Structures are given as structure tokens and as C-alpha cells.
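The chain contents come next:
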Amino acid sequence: MRQHDAEVPDANATYVFAVCRDPDPSSCAGLPGVTHEAPVRLLALDSFTAIVQTVRACDFTDEAWQSRLSDQRELERYARAHHDVVSAVAAACPTVPLPMATVYHADERVREALAKETDRFRAALKRIAHHAEWGVKVYAPPAATAATAATAATAATDDADRRTGRPVVPTDRGRPAAGAGLAYLERKRGAQRLRERSQEDALRTAETVDEQVGRLATASRRLRPHPQPSTDRRVQILNATYLVAERRSEELALLTRTLRERTGAEIELSGPWVPYSFVGEV
């Protein structure tokens, strides 16, 4: 919904943070928003209220925004400012966040454009009322990986052979003792089976957590696993987000602890968040 029809250097535009119902006017009082030149304010729509701020149109031209996208620090500043306003309003009433840099050339254009989305906003606000978004990340149990375990088992077997005097040393002609090749291949197959079993166990753990938390949630989404830092050896097997009623937040925390104990997996629970992930699926 970002607009570019007001790219006159001295013109103003209207930045829209969110759409909500019956907001508390004090919830956004004093928030800087994305500029210090105008306050964050309420804009009445036919059925809802938009949270907006007057900005300079020239700051949101294609050229200006592309330049901002290449400046990580500046981009983070805008993202944080946008999120701070949305979070403050959402703490007081059901709120549908709009994408960062949703800009129209005037308040009237905001009313016209958002009026076309009335049904979507009504459904989204009904869905997320008295709910919050929670993130769940699951990592495979911290025991040795299958490959490490298999390698250790192979090394232990070879060491045992040496200690018991079994013929694992080369013969006079430099060939391995009879049966040594077969034993090696069998250990390799065993390591492969162990890796496959470990992967299957991890998938079952992920499905168990997702199913159990999903039963408690109103809605859920599976996300792509986050890339792990090179120093983090954990294996992420589930990255999901859940829409959970506020009254069930303690139940969610208890369920997470129970699943940690039952599965042996590391489970990270984060939230509550503004339900960004569940406002566009109505």
C-alpha cells in the first residue's frame, strides 16, 4: 500500500502504522514514530481508527527508500520506530500492523484506500482480539550427533580389536586381515542407520511439539529454520509461530516445560508479540 504520488520536495504525506478499534489516545502519546517533526496521531476511519504520522513525502520516494535499504543502521532505526508504535497501541486494543513504509499522500487518500480493506480488517481484528503471537524454536537433543556417535563406536571397536589381539594389522604382504573389510563396511552401515534413526527421531520430536502446541493455539504457522551462527552447533528442527489466547499464556509456558522434559529437546519460547503473522490470513 505504499504510495509514490506525492513526490514533491516540500509536500507532506501520511505514514500509516496500523489499523485498530477503539484505541486509547494516550497509548501513542509521546512516541517519536519515524520522524521528530510531527506527532503520532489517530485518524478516524468509517469503522476503525488508523495510527498515522505526517512525514515529508521526499523521505519516501523510491530513490530515498532504496538508499535507506542499503543503510542497515538507518533501516533498523525505522523498523524499530515502526514496531514501537504498533506495540504501544496493540497493548491497549486489537491492532492490525501495516507494513513498514505504508505511505499515502494525504489523510483523505488513507481513508479511501483503507476503506477498500474494511472486510479484511474486520476479520483480522476479530481473529486477534485478546490473542498474542508466540514463537517456538526446537533444537535436537544436545546428546552427541549420530555421526559423532557412529565415529566413536567405530574407533572403540578398532581399539578393542587391537587390545584383544584380533587380526586388524596388515599381513606380511601389506593386506588387511581376512574379514577386516567386511567388518569395516558393517560399521559404516551401522553409522548410516544411526544417522537415519537420529533424523527420524528429530522429525518426530518436531511433529510432537508442533502438534501439542497447535492444539492449544488458535492458529499456527511453520517457518523456515533460522540460519545458525557458525559457532552454534545446535540443529534447529522446528521454527514455528502460534496465535494463543491471552488467558492460555501460562498453560503454554507449562506445556513447553513439559515437552522439554518429555522429549529431551531444547525448546525456546518467545513472546508475547503483536500477531504480525496472523493478520493477513483472513
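None of the values given here were measured: they were computed from a predicted structure. (Residues numbered from 1 in each chain as written. Predicted model: local features only at pLDDT ≥ 70, side-chain atom pairs only at ≥ 80, totals over all residues. Heavy atoms only, no water.)

### A word on the overall build of the chain
- Scanning the chain for helices and strands turns up seven helices and nine strands.
- Looking at the chain residue by residue over its 282 residues, the buried ones come to 37%.
- The contacts of the chain with a sequence gap of at least 6 include a subset with a gap of at least 24, amounting to 77%.
- Summed over all atoms, the accessible surface of the chain reaches about 16400 Å², with 51% contributed by carbon and sulfur. (Helix = DSSP H or I, 4+ residues; strand = E, 2+ residues; numbered from the N terminus. Buried < 20%, exposed > 50% of the residue type's maximum accessible area, 1.4 Å probe, protein only. Contact = heavy atoms within 4.5 Å. Areas by Shrake-Rupley, 256 points an atom, 1.4 Å probe, with all protein chains shown as cover.)

### Here we look at the side chain of Asn239
- Mapping Asn239 onto the fold places it in strand β8 (residues 236-245).
- At 2.8 Å, the side chain of Asn239 forms a polar contact with the backbone oxygen of Arg224.
- In this structure Asn239 touches Val136, Lys137, Arg221, Arg222, Leu223, Arg224, Pro225 and His226, once residues within four positions along its chain are discounted. (Polar contact = N/O pair within 3.5 Å; in protein donor to acceptor, adjacent residues only side chain to side chain.)

### Topic: the packing of helix α1 (residues 62-69) against helix α2 (residues 72-90)
- At a closest axis distance of 6 Å, the pairing of α1 and α2 adopts a crossing angle of 105 degrees. In this view, α1 runs roughly perpendicular relative to α2, as classed from their interaxial angle. Residues Trp65, Arg68 and Leu69 of α1 touch α2, and the partners they reach there are Glu74, Leu75 and Tyr78.
- Partitioning the contact of α1 with α2 into residue classes produces four nonpolar, no polar and two charged. (Axes fitted to C-alpha atoms, helices over the stretch in contact; angles between N-to-C directions. Parallel < 35°, antiparallel > 145°, perpendicular 65-115°, else oblique. Nonpolar A, V, L, I, M, F, W, Y, C, P; charged D, E, K, R; others polar.)

### Digging into the pairing of strand β1 (residues 12-20)
- The buried count for β1 comes to eight of nine residues, which makes it a mostly enclosed element.
- Relative to strand β5 (residues 103-104), β1 runs antiparallel, the two being bridged by two bridges. Bridging across to β5, Tyr15 finds its partner in Val103.
- Examined bridge by bridge, β1 and strand β4 (residues 95-97) share three bridges and lie antiparallel to one another. (Pairing = 2+ DSSP bridges.)

### Some points on the nonpolar core
- Tyr15, Phe17, Val34, Ile51 and Phe60 are the most contacted members of the largest nonpolar core, which has 22 residues in total.
- Ignoring sequence-local partners within four residues, the contact set of Tyr15 consists of Val34, Ile51, Val52, Gln53, Val55, Phe60, His82, Met100, Ala101, Thr102 and Val103. (Core = buried A, V, L, I, M, F, W, Y, C linked by side-chain atoms within 4.5 Å.)

### Some thoughts on the sheet that holds strand β7 (residues 219-222)
- Spatially, four strands are ordered β7-β8-β6-β9 in an open sheet, and the strand pairing comes out antiparallel. Two strands bound the open sheet, and with one partner strand each, they are β7 and β9 (266-273). Neighbouring strand axes in the sheet, compared pairwise and without regard to direction, differ in orientation by 20 degrees on average.
- Summarising the sheet, strand β6 (residues 131-139) and β8 pair through nine bridges and their orientation is antiparallel. Opposite Lys137, over in β8, you have Asn239 as the bridge partner.
- Along the sheet, helix α7 (residues 249-263) makes contact with β6, β8 and β9, crossing β9 at roughly 170 degrees.

### Regarding the confidence of the model for the chain
- On average, residues of the chain score 82 in pLDDT, and 76% of them reach the 70 mark or higher.
- Confidence drops under pLDDT 50 across residues 144-164; counting only partners more than four residues distant or on other chains, this segment forms 14 contacts. (pLDDT = per-residue confidence, 0-100.)

### Some words on the layout of surface pockets
- As a volume, the second largest pocket reaches approximately 380 Å³.
- Ala90, Ala91, His131, Ala132 and Glu246 are the residues nearest the centre of the second largest pocket, which is lined by 21 residues in total.
- Here the lining of the second largest pocket is built from residues that sort into 14 nonpolar, six polar and one charged. (1 Å grid on protein atoms, 1.4 Å probe; cavity = no way out; pocket = protein on both sides within 12 Å on 5 of 7 lines; lining within 4 Å. Points joined across faces, edges and corners; volume = space filled by probe spheres on them.)

### Describing unusual backbone geometry
- Cis geometry is found at the peptide bond from Gly271 to Pro272, where omega equals 0 degrees.
- Mapping Pro272 onto the fold places it in strand β9.
- A positive phi angle is found at Asp22, which is not glycine, with a value near 55 degrees.
- Within the secondary structure layout, Asp22 lies in the loop between β1 and β2 (40-44).

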